[in-house]
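# Fold and geometry: a report
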Amino acid sequence: MKSRDRLSLTEKQKAEVKKRLEEKRAHKIEIILNEKSSHIKIHSWDDVRRIDRAIRRLDRGMYGRCIECRAYIEGERLKFMIEAERCASCHEHIESLERRH
Ligand SMILES: [Zn+2]
């Protein structure tokens, strides 16, 4: 199901999303600095990079669009994962490909 709803963020909403992304980024950096487990560190670096990409997409007006199919990412999904870069169906598709390895 493709949503036709336009995700047009006001400047105020954009600033709010950016603030939340930056807070999440700072939190991940803190984990990297304090965590002993290298597995968690690597995982957190992946999160930081994903958050950085989301901030760049926000600056370019592409935030909230799927990087695979350009559809608008479901609002519920963005609420759960503010830095989400794929819509639910593309995400599932990629996950299923990874599971095959
Ligand atoms: Zn997609």
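Keep in mind that this is a model prediction, so the values were computed, not measured.

About the cut-offs
- Residues numbered from 1 in each chain as written.
- Predicted model: local features only at pLDDT ≥ 70, side-chain atom pairs only at ≥ 80, totals over all residues.
- Helix = DSSP H or I, 4+ residues; strand = E, 2+ residues; numbered from the N terminus.
- Buried ≥ 20, exposed ≤ 12 C-beta atoms within 10 Å, placed from the backbone.
- Expected span 1.5 Å × (residues − 1).
- Axes fitted to C-alpha atoms, helices over the stretch in contact; angles between N-to-C directions.
- Parallel < 35°, antiparallel > 145°, perpendicular 65-115°, else oblique.
- Left-handed = near helix turned anticlockwise from the far one by under 90°.
- Contact = placed C-beta atoms within 7 Å.
- Nonpolar A, V, L, I, M, F, W, Y, C, P; charged D, E, K, R; others polar.
- Domains from an automatic or database assignment.

Helix and strand counts for the protein come out as four helices and zero strands. Helices and strands appear in the protein in the N-to-C order α-α-α-α. C-alpha atoms of the protein, sized along the principal axes, occupy 45 × 40 × 20 Å. In the protein, which comprises 101 residues, the proportion classed as buried is 8%.

Here we take up helix α2 (residues 38–59). With 22 residues, α2 extends 32 Å between its outermost C-alpha atoms, agreeing within 8% with the 32 Å of an ideal straight helix rising 1.5 Å per residue. A positive backbone phi angle near 75° is found at Gly61, which sits one or two residues after α2.

Below, the discussion takes up the packing of helix α1 (residues 11–34) against α2. The geometry of α1 relative to α2 is characterised by a closest axis approach of 9 Å and an angle of 160° between their N-to-C directions. Taken together, the axis directions place α1 and α2 in an arrangement best described as roughly antiparallel. As α1 runs across α2, the sense of the crossing is left-handed. For the pair α1 and α2, the contacting residues are Lys14, Val17, Lys18, Leu21, Lys24, Arg25, Lys28, Ile29, Ile31 and Ile32 in the first and Ile40, Lys41, Ser44, Trp45, Asp47, Val48, Ile51, Ala54, Ile55 and Leu58 in the second. Its residues assigned to classes, the contact of α1 with α2 comprises 12 nonpolar, one polar and seven charged.

Time to look at the domain arrangement of the protein. Partitioning the protein into domains gives domain 1 (10–63) and domain 2 (66–101). Once you take the C-alpha centre of each, domain 1 and domain 2 turn out to be 17 Å apart.

To continue, consider the environment of Arg70. Mapped onto the elements, Arg70 comes out in the loop between α2 and α3 (75–80). The class of Arg70 is exposed, set by 10 C-beta atoms lying within 10 Å. Separated by 17 residues in the primary sequence, Arg70 and Cys87 have C-alpha atoms spaced 8.6 Å apart.

To continue, consider the environment of Ile82. Mapped onto the elements, Ile82 comes out in the loop between α3 and α4 (88–99). Judged by C-beta crowding, with 16 C-beta atoms within 10 Å, Ile82 ranks as partly exposed. With near-sequence residues (within four places) excluded, Ile82 lies in contact with Val17, Arg20, Leu21 and Lys24.

Glancing now at α4. Here α4 contains 12 residues, and its C-alpha end-to-end distance of 16 Å stays within 8% of the 16 Å for a straight helix at 1.5 Å per residue. α4 sits mainly on the outside: zero of its 12 residues count as buried.

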